[in-house]
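Survey of secondary and tertiary structure
The residues making up each chain are set out below.
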Amino acid sequence: MQPLSCRVCGNRVLVEKNSLAHTSVQWTESLRCVEFAPAPDLTARALRPTCARMRDSIESAVREGLIDIGSDQH
């Protein structure tokens, strides 16, 4: 897994790309993320599957060659 920071809030995650379609993300923190900020309804937070800003940061990093894609893609 490779470390990456969100280009919007700066949160750091670990990212693994096994293919263009497959992305694994391990959140190390989400304290500054607007999409994961504390909400009055905890159920609403639990149903949020991802952060669009982090997804955009990951996709940009892949396009820029900062995140490696699994060896089957090389």
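Structural notes, computed from the coordinates. (Residues numbered from 1 in each chain as written. Predicted model: local features only at pLDDT ≥ 70, side-chain atom pairs only at ≥ 80, totals over all residues. Heavy atoms only, no water.)

1. Re the overall build of the protein chain
As a reminder of what qualifies: For helices the rule is a DSSP run of H or I covering at least 4 residues; for strands it is a run of E covering at least 2, with both sets numbered from the N terminus onward. Buried residues are those whose accessible area, probed at 1.4 Å on protein chains only, stays under 20% of the maximum for their type, while exposed residues exceed 50% and partly exposed ones sit between those limits. Residue contacts are counted whenever heavy atoms from the two residues lie within 4.5 Å of one another.
Helix and strand counts for the protein chain come out as two helices and three strands. Mapped from its N terminus to its C terminus, the protein chain presents α and β elements in the order β-β-β-α-α. The buried share among the 74 residues of the protein chain stands at 26%. Long-range pairs, those at least 24 residues apart, make up 41% of the contacts in the protein chain between residues at least 6 apart in sequence.

2. Here's the deal with the sheet that holds strand E1 (residues 2-5)
Rules: Strand pairing is defined by DSSP finding a minimum of two bridges between the two strands. Only C-alpha atoms enter the line fits that serve as axes; for helices the fit covers just the stretch in contact. Angles between N-to-C directions range over 0 to 180 degrees.
Pairing in this open sheet of three strands is antiparallel, and the strands run E1-E2-E3 from one edge to the other. The strands lining the two open edges of the sheet, one partner per strand, are E1 and strand E3 (23-27). For this sheet the average axis-to-axis angle between neighbouring strands, irrespective of direction, equals 35°. Taken together, the four bridges between E1 and strand E2 (residues 12-17) define a ladder with antiparallel strand orientation.

3. Quick notes on the nonpolar core
Condition: In this description, a nonpolar core means a group of buried Ala, Val, Leu, Ile, Met, Phe, Trp, Tyr and Cys residues linked to one another through side-chain atoms lying within 4.5 Å.
In terms of nonpolar packing, the biggest core is built from twelve residues, these being Leu4, Cys6, Val13, Val15, Cys33, Cys51, Met54, Ile58, Ala61, Val62, Ile67 and Ile69. Looking at this core, the elements that each hand over two or more residues are E2 and helix H2 (52-63). Among the elements that line this core, the one with the most residues is H2, at four residues.

4. A short note on the pairing of E2
In E2, alternate side chains face the same way, and those of Val13, Val15 and Lys17 are buried while those of Arg12, Leu14 and Glu16 on the opposite face are not. If you look at the hairpin formed by E1 and E2, you'll find six residues sitting between the two strands, and Gly10 has a positive phi there, around 90°. Here E2 hands over to E3 after five residues, the two strands then running antiparallel side by side.

5. Looking at the pattern of salt bridges
As a reminder, the rule being used: Here, a salt bridge means any side-chain nitrogen of Lys or Arg that lies within 4 Å of a carboxyl oxygen of Asp or Glu.
Evaluation of the coordinates by the stated rule reveals one salt bridge. A salt bridge links Glu64 to Arg7; its shortest N-O distance comes to 2.8 Å. On the criterion of sequence distance, the pair formed by Glu64 in the segment after H2 and Arg7 in the loop between E1 and E2 is long-range, its members being 57 residues apart. Under the relative-accessibility criterion, Arg7 is labelled partly exposed at 45%.

6. Focus on the environment of Ile67
Checked against the element boundaries, Ile67 lands in the segment after H2. Sequence separation between Ile67 and Gln2 is 65 residues, and the spatial gap between their C-alpha atoms is 7.0 Å. Beyond its immediate sequence surroundings of up to four residues, Ile67 is in contact with Gln2, Leu4, Val15, Lys17, Ala61 and Val62.

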